[in-house]
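# Results of the structural survey
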Amino acid sequence: MSSPNTLNGGKSQFSLEDLMTALADTSDDRRPVERWKPDHCGEIDIVIKADGSWWHEGGKINRKGMVELFASVLRKDEDGVTYLVTPVEKLSITVERGHFVAIRLDAKGEGQDQRLFFTTNLGDVVEAGPENRLRIETDAETGEPDPYVNVWGRLEASLSRPVFYELVDLAVERQTPDGAQLGVWGGGEFFPLGPAGSHNV
């Protein structure tokens, strides 16, 4: 009998077999990871780099199908930690920035009726709005923006620089009690691109 095809050299029983079980649980590409309640079994040496690439034990995972498989069982819990989850096991991984990278922006309509669609590096398309919010982290010292869009659950895509520049081109100014603020409309929501008054500094 062959041994399980473990992902970290036998240190965990988290195997490709478990992932295939997860795949069989649903007929589409979204796994019901929020419903699974496995025990936390430690961590696995998988890193999602800032550029969206996946690495295992220091080596880049080049097989797109494998990355898509792992991504389909990603979950970020309330503790702020991201896990690979199957019905029987939960292992924490490292995420340098976002879980995905938004590499394309498509805007439709204008003003408050504008709709914003982001395509990630894995081909998912998400529309910014009340359910998938845009947020901008701003470095307190440099003022450098770090933009994200929610993809599903607590998983986010960081915006590539070209996509963020496209977003800035769509920005409009709105008056707030703290002064003028730049932002974009998407799905009926106004998303600030920085603190009020920051674009006039």
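Everything discussed here concerns the structure shown above.
Just so it is clear, the model here is predicted, and its values are computed rather than measured. (Residues numbered from 1 in each chain as written. Predicted model: local features only at pLDDT ≥ 70, side-chain atom pairs only at ≥ 80, totals over all residues. Heavy atoms only, no water.)

### Some thoughts on the environment of Glu68
Mapped onto the elements, Glu68 comes out in helix H2 (residues 64-71). Taking the C-alpha atoms as reference points, Glu68 and Gly123, separated by 55 residues in sequence, lie 9.7 Å from one another. (Helix = DSSP H or I, 4+ residues; strand = E, 2+ residues; numbered from the N terminus.)

### Comments concerning the side chain of Glu156
Tracing the chain through its elements places Glu156 in strand S12 (residues 155-159). Polar contacts involving the side chain of Glu156 include one to the side chain of Arg135, which spans 2.6 Å. Sequence-distant contacts of Glu156, that is, excluding residues within four places in its chain, are made with Gly98, His99, Phe100, Arg135, Tyr148, Val149, Asn150 and Val151. (Polar contact = N/O pair within 3.5 Å; in protein donor to acceptor, adjacent residues only side chain to side chain. Contact = heavy atoms within 4.5 Å.)

### A few points about the sheet that holds strand S11 (residues 145-152)
Spatial strand order, S9-S8-S7-S12-S11-S10: six strands in an open sheet with mixed pairing. This sheet does not close on itself; its edge strands, each paired only once, are strand S9 (125-127) and strand S10 (134-138). This sheet shows a mean twist of 40° between the axes of neighbouring strands, independent of strand direction. Looking at chain direction, S11 and S12 are connected through four bridges and run antiparallel. Along S12, the bridge assignment pairs Trp152 with Leu155. Relative to the sheet, helix H3 (residues 161-169) contacts strand S7 (100-108), strand S8 (115-120), S10, S11 and S12, its axis offset from that of S7 by approximately 30°. (Pairing = 2+ DSSP bridges. Axes fitted to C-alpha atoms, helices over the stretch in contact; angles between N-to-C directions.)

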